[in-house]
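Structure at a glance
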Amino acid sequence: VTLFQPVRGVSLAKLLADAKDEFSSKPATAAKGTRELNRDGRFFGLALVVPGHPETVTENLQPGTYWLGDVANTIGAGKPAQLVRLTVLPFGRSGFLRADVLVRATSADRFIAPRFWPHRGSYLFANVADTIHFMQILPVRDGTTDAQIQAFFNSGSQSAPPFAKAGPFGGNDVVSPGHLIKVDYNLPRGTYVLLCFVADD
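Read on for a plain summary of the structure. (Residues numbered from 1 in each chain as written. Predicted model: local features only at pLDDT ≥ 70, side-chain atom pairs only at ≥ 80, totals over all residues. Heavy atoms only, no water.)

**Looking at the side chain of Asn-172**
Stated formally: Secondary structure elements follow DSSP: runs of H or I no shorter than four residues count as helices, runs of E no shorter than two count as strands, and numbering proceeds from the N terminus. Here's how the labels work: a residue is buried when its accessible area is under 20% of the maximum for its type, exposed when over 50%, partly exposed in between, all with a 1.4 Å probe on protein chains only. Side-chain atoms alone can form a polar contact between residues adjacent in sequence; in general such a contact is a pair of N or O atoms within 3.5 Å, and within protein one must be able to donate a hydrogen while the other accepts it. Between two residues, a contact is recorded if the distance between any of their heavy atoms is within 4.5 Å.
Mapped onto the elements, Asn-172 comes out in strand β10 (residues 170-175). The class for Asn-172 is buried, based on a relative accessible area of 0%. At 2.8 Å, the side chain of Asn-172 forms a polar contact with the side chain of Tyr-123. Beyond its immediate sequence surroundings of up to four residues, Asn-172 is in contact with Leu-46, Ala-47, Leu-48, Tyr-123, Phe-125, Phe-134, Met-135, Ile-181 and Val-183.

Here it is in structure tokens:
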């Protein structure tokens, strides 16, 4: 689920058209989509969840109108977006966010994060990059290395990754630069990889 809003002067229809570009299979069009999304919208994450492994997302929002939807499984699959409107009123008070783990998404397209996490807890996702990022927490076989994962993606293979492991996953959806969210998660003990598939702008 994605929480987002168009910037002032940009229509919701324009932002959804940008998202369609982002999901293009043509790298140049997908890169254009990333640039458009960075320019035309603000993204506030929310959860990547599977049944039986809920997540809770906490964040501080400014008053205004926001939209929620499963954009990847609608627009990303060539279907019309199904959105819910959310209005944030100016009566709340911002809270300080604390968590067990800090993850920073960087402009070098790398996550800076501890190697060991509690299997159940919370993380702060801070986008310190100059572009949008999300984070999928995907289970892999024990002993899998970053080098093996990078080699697989560099190969251009469309087959299932040899390091993939069946099991639940988690993470958070797209977050704009400069924004911070807290995610409470509960996943089985094991080895995981942190992935983001936003097209390089």
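**Considerations on the sheet that holds strand β3 (residues 56-58)**
To summarise the sheet geometry, strands pair through backbone hydrogen bonds and adopt either a parallel or an antiparallel arrangement. Just so we agree on the cut-off: In this analysis, strands are considered paired if DSSP registers two or more bridges between them.
Ordered by their spatial adjacency, 5 strands build an open sheet running β3-β11-β8-β6-β7, and the pairing between neighbours is mixed. Every other strand in the sheet has two partners, leaving β3 and β7 (111-112) as the edge strands with one partner each. As defined by bridge partners, strand β6 (residues 101-105) adjoins β7 across 2 bridges and the pair is classed as antiparallel. Each bridged residue has a counterpart across the sheet, and for Arg-104 the counterpart in β7 is Ile-112.

**Some remarks on the sheet that holds strand β4 (residues 64-69)**
Here is the rule: To obtain each axis, a line is fitted to C-alpha atoms, and for helices this fit is confined to the stretch in contact; angles are then taken between N-to-C directions over 0 to 180 degrees.
The strand order β2-β1-β4-β5 describes an open sheet built from 4 strands, whose pairing is antiparallel. The sheet is open, and its two borders are formed by β2 (41-43) and β5 (83-88), each paired with just one other strand. Along the sheet, successive strands turn relative to each other by an average axial angle of 30°, direction set aside. Pairing geometry for β4 and β5, over 6 bridges, is antiparallel.

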